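Residue-level structural notes
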Amino acid sequence: MAQKKIAIFKIKNRSGYAAICSEHLTEGKSKAEALARMAKALKRTAKRNKR
């Protein structure tokens, strides 16, 4: 899989962080959790596009 740029930022008026990459948006309680959820979302998309 090609490297993709993932933007992680603090969500205003909410507890936690969000990550955006390739038209995906994920949320998590920490930066690491948001990043892990993004990796899982990108993996699902890659798997779906392989079919």
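Every chain is numbered on its own, with residues counted from 1 as its sequence reads. Residues qualify for local features only when their pLDDT is at least 70, as the model is predicted, and side-chain atom pairs are given and counted only at 80 or more; totals for whole chains, interfaces and linings, by contrast, use all residues. Hydrogen atoms and water are omitted, and side-chain values are computed over all heavy atoms in the structure.

Let us now look at a positive patch on the surface. On the surface, Lys40, Lys43, Arg44, Lys47, Arg48 and Arg51 cluster together to form a positively charged patch. By relative accessible area, lysine 43 is classed as exposed at 63%. Only residues whose relative accessible area exceeds 30% and that form no salt bridge enter a patch; like-charged residues are grouped when within 9 Å of one another, and nonpolar side chains (Val, Leu, Ile, Met, Phe, Trp, Tyr) when within 5 Å. Using the Shrake-Rupley algorithm and a 1.4 Å probe, accessible areas are obtained, with residue cover drawn only from the displayed protein chains. One side-chain nitrogen of Lys or Arg within 4 Å of one carboxyl oxygen of Asp or Glu is enough to make a salt bridge. Two residue types count as positive, namely Lys and Arg, and two as negative, namely Asp and Glu; His and chain ends fall outside the count. Taken as the charge location is NZ of Lys, CZ of Arg, CG of Asp or CD of Glu. For each residue, the accessible area found with a 1.4 Å probe, counting protein chains only, is set against the maximum for its type, and the residue is called buried under 20%, exposed over 50%, and partly exposed in between.

This brings us to the pairing of strand E2 (residues 17–21). For two strands to count as paired, DSSP must find a minimum of two bridges between them. Numbering of helices and strands runs from the N terminus, with a helix taken as a DSSP run of H or I at least four residues long and a strand as a DSSP run of E at least two residues long. The pairing of strand E1 (residues 7–10) with E2 spans 4 bridges and is antiparallel. Counted as the bridge partner of isoleucine 8 is alanine 19 from E2. Taken together, E1 and the strand that follows it, E2, pair antiparallel across an intervening segment of 6 residues, in which asparagine 13 is found at a positive phi of about 60 degrees. Bridge analysis of E2 against strand E3 (residues 24–28) gives 5 bridges, and the strand direction is antiparallel. Pairing of alanine 19 across the sheet is with threonine 26, part of E3. Here E2 folds back onto E3 in antiparallel fashion, the turn holding 2 residues, of which serine 22 has a positive phi close to 50 degrees.

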